[in-house]
Protein chains: 4
Amino acid sequence: MSFNTFGHLFRVTTWGESHGPALGATVDGCPPGIALSEADIQPWLDKRKPGQNKYTTQRREADAVEILSGVYEGRTTGTPIQLMIRNTDQRSKDYGEIARTFRPGHADITYYQKYGLRDPRGGGRSSARETAARVAAAGVARQVLATLVPDLSITGYMVQMGPRGIDRARMDLSAIGENPFWCPDPETAASWAEDLDALRKTGNSVGATIEVIAQGLPAGIGAPLYAKLDSELAAAMMTINAVKGVEIGAGFGAAALTGVENADEIRIGEDGRLVYGSNHAGGVLGGISTGQDVVVRFAVKPTSSILQPRQSVTIDGEATDVVTKGRHDPCVGIRAVPVGEAMMACVLLDQILLHRAQVGEGPRGRIG
Amino acid sequence: MSFNTFGHLFRVTTWGESHGPALGATVDGCPPGIALSEADIQPWLDKRKPGQNKYTTQRREADAVEILSGVYEGRTTGTPIQLMIRNTDQRSKDYGEIARTFRPGHADITYYQKYGLRDPRGGGRSSARETAARVAAAGVARQVLATLVPDLSITGYMVQMGPRGIDRARMDLSAIGENPFWCPDPETAASWAEDLDALRKTGNSVGATIEVIAQGLPAGIGAPLYAKLDSELAAAMMTINAVKGVEIGAGFGAAALTGVENADEIRIGEDGRLVYGSNHAGGVLGGISTGQDVVVRFAVKPTSSILQPRQSVTIDGEATDVVTKGRHDPCVGIRAVPVGEAMMACVLLDQILLHRAQVGEGPRGRIG
Amino acid sequence: MSFNTFGHLFRVTTWGESHGPALGATVDGCPPGIALSEADIQPWLDKRKPGQNKYTTQRREADAVEILSGVYEGRTTGTPIQLMIRNTDQRSKDYGEIARTFRPGHADITYYQKYGLRDPRGGGRSSARETAARVAAAGVARQVLATLVPDLSITGYMVQMGPRGIDRARMDLSAIGENPFWCPDPETAASWAEDLDALRKTGNSVGATIEVIAQGLPAGIGAPLYAKLDSELAAAMMTINAVKGVEIGAGFGAAALTGVENADEIRIGEDGRLVYGSNHAGGVLGGISTGQDVVVRFAVKPTSSILQPRQSVTIDGEATDVVTKGRHDPCVGIRAVPVGEAMMACVLLDQILLHRAQVGEGPRGRIG
Amino acid sequence: MSFNTFGHLFRVTTWGESHGPALGATVDGCPPGIALSEADIQPWLDKRKPGQNKYTTQRREADAVEILSGVYEGRTTGTPIQLMIRNTDQRSKDYGEIARTFRPGHADITYYQKYGLRDPRGGGRSSARETAARVAAAGVARQVLATLVPDLSITGYMVQMGPRGIDRARMDLSAIGENPFWCPDPETAASWAEDLDALRKTGNSVGATIEVIAQGLPAGIGAPLYAKLDSELAAAMMTINAVKGVEIGAGFGAAALTGVENADEIRIGEDGRLVYGSNHAGGVLGGISTGQDVVVRFAVKPTSSILQPRQSVTIDGEATDVVTKGRHDPCVGIRAVPVGEAMMACVLLDQILLHRAQVGEGPRGRIG
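Not measured: the values here are computed from a predicted model. (Residues numbered from 1 in each chain as written. Chains lettered and ligands numbered in written order. Predicted model: local features only at pLDDT ≥ 70, side-chain atom pairs only at ≥ 80, totals over all residues. Heavy atoms only, no water.)

Some details on the sheet that holds strand 9 (residues 164–165) of chain C
The condition that has to hold: By this definition, two strands are paired if DSSP reports at least two bridges between them. Here a strand is any run of E in DSSP of at least two residues, a helix any run of H or I of at least four, and the numbering for each starts at the N terminus. When checking whether two residues touch, look at their non-hydrogen atoms; a contact exists if any pair is within 4.5 Å. For every element, the axis is a line fit to its C-alpha atoms; helices are fit only across the contacting stretch, and the angle between N-to-C directions ranges from 0 to 180 degrees.
Across the sheet, which stays open at both edges, the 10 strands sit in the order 9(C)-8(C)-10(C)-16(C)-11(C)-11(D)-16(D)-10(D)-8(D)-9(D) with antiparallel pairing between neighbours. Either end of the sheet is taken by a strand with one partner, and the two such strands are strand 9 of chain C together with strand 9 (164–165) of chain D. With eight bridges joining them, strand 8 (residues 153–161) of chain D and strand 10 (residues 208–215) of chain D adopt antiparallel strand pairing. Each bridged residue has a counterpart across the sheet, and for Gln160 of chain D the counterpart in strand 10 of chain D is Thr209 of chain D. Those strands touched by helix 4 (residues 186–201) of chain C are strand 8 (153–161) and strand 9 of chain C, and its axis lies near 55° from that of strand 8 of chain C.

Re the UniProt feature "binding site: FMN" (unreviewed entry) in chain A
Definition in use: UniProt positions are given in the numbering used here, feature names are shortened, and annotations may be inferred rather than shown by experiment. N or O atoms within 3.5 Å of each other form a polar contact, as long as, within protein, one can give a hydrogen and the other can take it, and as long as residues adjacent in sequence are counted only when both atoms are side-chain atoms.
Taken from the UniProt record, the annotation "binding site: FMN" (unreviewed entry) applies to Arg125, Ser126, Ser127, Asn241, Ala242, Gly286, Lys301, Pro302, Thr303, Ser304, Ser305 and Arg327 of chain A. Secondary-structure assignment places Arg125 of chain A in the loop between helix 2 (108–115) and helix 3 (131–148). Contact partners of Arg125 of chain A, with chain neighbours within four places excluded, come to Asn4, Thr14, Trp15, Gly16, Glu17, Tyr111 and Glu130 of chain A, Leu225 of chain B together with Thr79 and Pro80 of chain C. Of note is the side chain of Arg125 of chain A, whose polar atom sits 3.0 Å from the backbone oxygen of Gly16 of chain A.

As for the relation of the copies chain B and chain D
Rules: A least-squares superposition brings the copies together, and it is based on the C-alpha atoms of residues with pLDDT no lower than 70 in both.
Once turned by 180° and shifted 0.0 Å along the axis, chain B lies on chain D with an RMSD of 0.0 Å. The transformation relating the two chain copies, once decomposed into turn and shift, fits a two-fold axis. The fraction of interface residues of chain B whose copies in chain D are also interface residues reaches 100%, indicating that both copies meet through the same surface.

So, the packing of aromatic side chains
Our working rule: Two rings belonging to Phe, Tyr or Trp (six-membered ring only in the last case) form a pair when the distance between their centres is within 6.5 Å. Interplanar angles under 30 degrees mark stacking, angles over 60 mark edge-to-face geometry, and anything in between is tilted. Each residue is placed in one exposure class: buried if its accessible area under a 1.4 Å probe, protein chains only, is under 20% of its type's maximum, exposed if it is over 50%, and partly exposed if it falls in between. Only when the NZ of Lys or the CZ of Arg is both within 6 Å of the ring centre and within 35 degrees of the ring normal is a charge said to sit over the ring.
Inspection of the entire model under this criterion finds 19 aromatic pairs over all chains. Between Phe102 of chain A and Tyr112 of chain A, the ring centres sit 5.5 Å apart and the planes meet at 35°, which makes this aromatic pair tilted. Linking Phe102 of chain A in the loop between strand 7 (81–86) and helix 2 with Tyr112 of chain A in helix 2, this pair joins segments that are 10 residues apart in sequence. Across this residue pair, the class does not change: Phe102 of chain A and Tyr112 of chain A are buried. With centroids separated by 5.9 Å and ring planes inclined at 65°, the aromatic side chains of Tyr111 of chain D and Tyr115 of chain D adopt a geometry described as edge-to-face. Pair noted here: Tyr111 of chain D and Tyr115 of chain D are both in helix 2 (residues 108–115), with a separation of four residues, about one helical turn. The burial state of Tyr111 of chain D is the same as that of Tyr115 of chain D; both residues are buried. For the cation-ring pair, Lys114 of chain B lies above Tyr115 of chain B, with the distance from its terminal atom to the ring centre recorded as 5.8 Å.

Here it is, written out as structure tokens:
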């Protein structure tokens, strides 16, 4: 990884600010001959797009992706794919005051401290708007994955909002698309709607936890020691705006377990394939996939842009109270769901290519 | 990061297996002119070393580091520093049966599936013994940090073992060295001792949570977007054996907070320096340090090597019950404390060098 | 370096094809606070632009650069700078036949063999048009260099065309801009004009050798062993289309010298600065700059697109004769001059940032 | 590439100084399951070893390689392979004066200027002794290549020494091993022996040009644009001590050719395979292999350590005359032959793995 690039072999470099003319992603290392058009990418962008319901920011962006390079006659050529998204709803206004005040919880202050200047318009480079570029890049990754690992599926959903988590006994992945929270538990989704309505009226916001699972990944993907699959996933999720924690499988819960409880016992099933008695490992042992579901969770802090005044300082060191007006998500975690899926797609493809480089097609060791 | 290398500019490549002749770390990119000898590194290795009390494995390794290159007349030359640690207590025994059986919770099975073969002696490359190489490399990083950021201190400690966490009201960093658990709360340490004595008798093990804090890091260190300080720390901690989760500041707790609660308010203190009202951010905003303490926590799963039988399979697909005899840590989290500190040191130095490359010496923007 | 990225810290990723909608460069790692606008970059693009005289291709491209990100109020922000150049003169025509035939000396055949498909329009990704993106990126590098090393100058010129080389006794850098060949020897330039007029009439082309020198680079820039300044320069020049050889200082001529002849003797001048008796080293010893002029030469093969028929094959394996009609440079080496300067600028800046990271500002050891 | 690492996927990090206890290479990314023992590597080290005839330095090093990791029961495991070579003939002597004087043509002065200190013992890190580590690493690469591309052969030889080049009409690769110069033209070898005997008596040295060819590399290996096969080869060769120029195929000679002369015409042979009429391209078009021989040449400057006095300065800026006593190669180019072969092997394997990652096994497009 570099400053603005992620991936070793499927390399994504994102660029652009919230209120500049455009943003995008340069995707390098994509395998050739993969079917790809804007229509393959756009649905993922639409899923992430703001303004789709009352719980997300009312900024209206078409988020229309343009492929500027790397595709010829509907197929990837193996050369860099430039994905550009024009910004169309960056409202013109006076940023003079905002440019001199630091909003608590935002990167305004650290960008300024680091660089000595910052683009204050809508958060500039630190805006969650950058995640559109990742989602676009992941649209490419998904096309490749559909060719290389057709059985793979990646699913993200929200498992907690504020203090209220889902009931895993009621969990139903088919319910995810049927509520504004990507929630697999309709009852909890209904409660969240009430909670969020109340919060919004007070100009407050709330945090959330997202889970992303990958089903159908073969065993053997990942690599020791500093490119471990779980380390790469942790890094990737932690690059998403507002994420404060990442865990795999049992995660922090593993701290409270004994070794007897935590062991995922192994048996051979009737079809000769491995059957695990549990999945505390979250599908990863020693940084390499087991063939079980890869299970990642990440915590998203409450949106820092709130209507209640918070103490802060100006660039001159004067005390001030900041109220962040504008169009904000009361729970930015909602829109982090498709972003988490995007990062999972990119990391898995990258690791699959790394595996293919070193070991060749598919895993090497067979059991039974 | 590459397979076995971490860091962008302060680059550490570790090598070696648990039961080979030696293991080590190649450290590239170290600034020149830094005082360095084996005596600067050895104390950190001694802190990590097994066999120091009854709660860690009784394997007896001197863990004596040798500097083979990169130092002349007691100063680093700017060229690669090779740190070698000979293995001296790898007991000779018959690995025939172990080589054909997969221990639940271990990387045995995934290494085999990936590569088609594995070094079964003591876990081979996936052994926690590899962490000695990191600790040695971090010994170099600490010497550089002492020169570049003299006020920086890095402190790791255990905050939870099994279901029992410390009482933060009793927290006292000076107590850390006075109990076998690196615990900052002596009362909790005493309880853990009882818990662990009981567990060991049953041949079981237990998980833990470690916290590592860096105090004195200036504002402005870190980088958007895919080299964020928190992302790099998450990746680094997640590469440590048995780690299943990483969080920064409020971490997963942030999911339950509102924006009003989570905001770290800012004021200018009497000395003209910034004062934050809280540190939910864990010292990082937008991937860049705020100047507050950098606070990282990670969860360590219970040791997978236990004396109680667990179901598994052989390489031929036959069902078997595995009991892992030998010298094991009942709570491998204890020895993860110095390893977590080591990773913090390496990541911070690497980021400080990255900052110096792009921006020059020190942060750029001043407030007040 | 990666597939389409060069540089370690000042990282340039280029994208785009000859006849796509646009091409460009994503520049990451640029220091913040540097004055930058399109007007700073455009003159360099204009220098490389085709159609400026009768010796370069008559394709008419405005080559107008747009900065899409990374600059705010005329200053770099430290975040990625996207430089886009729209293609405006890609003539629409039938590529059906071209797509099925391989032009000798072109990358058509190898791209096809590697990827199984290629963009045949104007050479696609392998077109020299890609070098516009490098020149744009180098425009950014030059702005940074002007701040960090104000005394540095980079000058490229042609020293040989076909069998005829310049007379070094007549060499005058101020003459470079006064002939269409960037030639520092006006008499030789006049001869080249005659040679090239004759060649063009026969539909033939010719090779050339370019020299690029950097004056004013301090001693101490570069790094052992696999990021040597000369190795990085060689790699960079060799990535330019049609380049077949690179040399530093005495270069291949050094093979014929004795050690006595080749030694660059050192003395201290009256001003206390080092004075070298010669510069066979080309300003680089052990991969690190000496403070003398950095001197690089590279050979450019004759343009492969010629009007005389050459034997080749079709995608179906049928024998055919290829004549490459269209708008081509009879000596593509001419337009390689500003590209060579661009690569020198990017490599030097990258190495200066690497040096700053590891060692701090400026060289460390003083003599006398 | 990083400071002391080369390769993208087959990554070699070398370490160690001329007169330290040991030097070596850490090889990461090696495919698993490859047969490997010290006996597979040692012959290549023996070929490079000094003291084998009167034309190379009389330093006597066993250059015995030890594999410290990454191999189990004679097979590579896919984890890092540590190759260590102990230094046994570093004569103890007083380096006080050498440490204060800069030898012309050596990296002494630039290392000092860069880092502020240097290891003066035998050139420290800048010694050609480092090339032993590359040759050892290439021994691993060759074992992998023998499995992945059994028909590939890599052959290096000297084509020029001082002013005298071989006669290509007499070229016979089978003669290479039968003279001390790796010369494919026995008559020229005899002349070189006379030349070098004369030079040695005067305490002088001489330069050389080496050619390395790879036969049997399939088409399609390499990658646009900044990982071009020729760019990677140029970078690799230029990292070898004393190399001042690199060229591919016609190389600098291409500058003097016309397009008609330079075109490598293509036909389909009777066996349905491509037949090229010439190989001015040196086996690479657009950075990707054509399937013809890959032909690289590099120029080695005369050994800088000579017995005739040369003007220089001390660390205090005083004028002095330097005579480099000791055991030196009168033509260091001789020992560069196996090193050039080693770099070719490492680069080709690395590119083959990159190709496998992106495109899968083998080239993709078929002709005819």
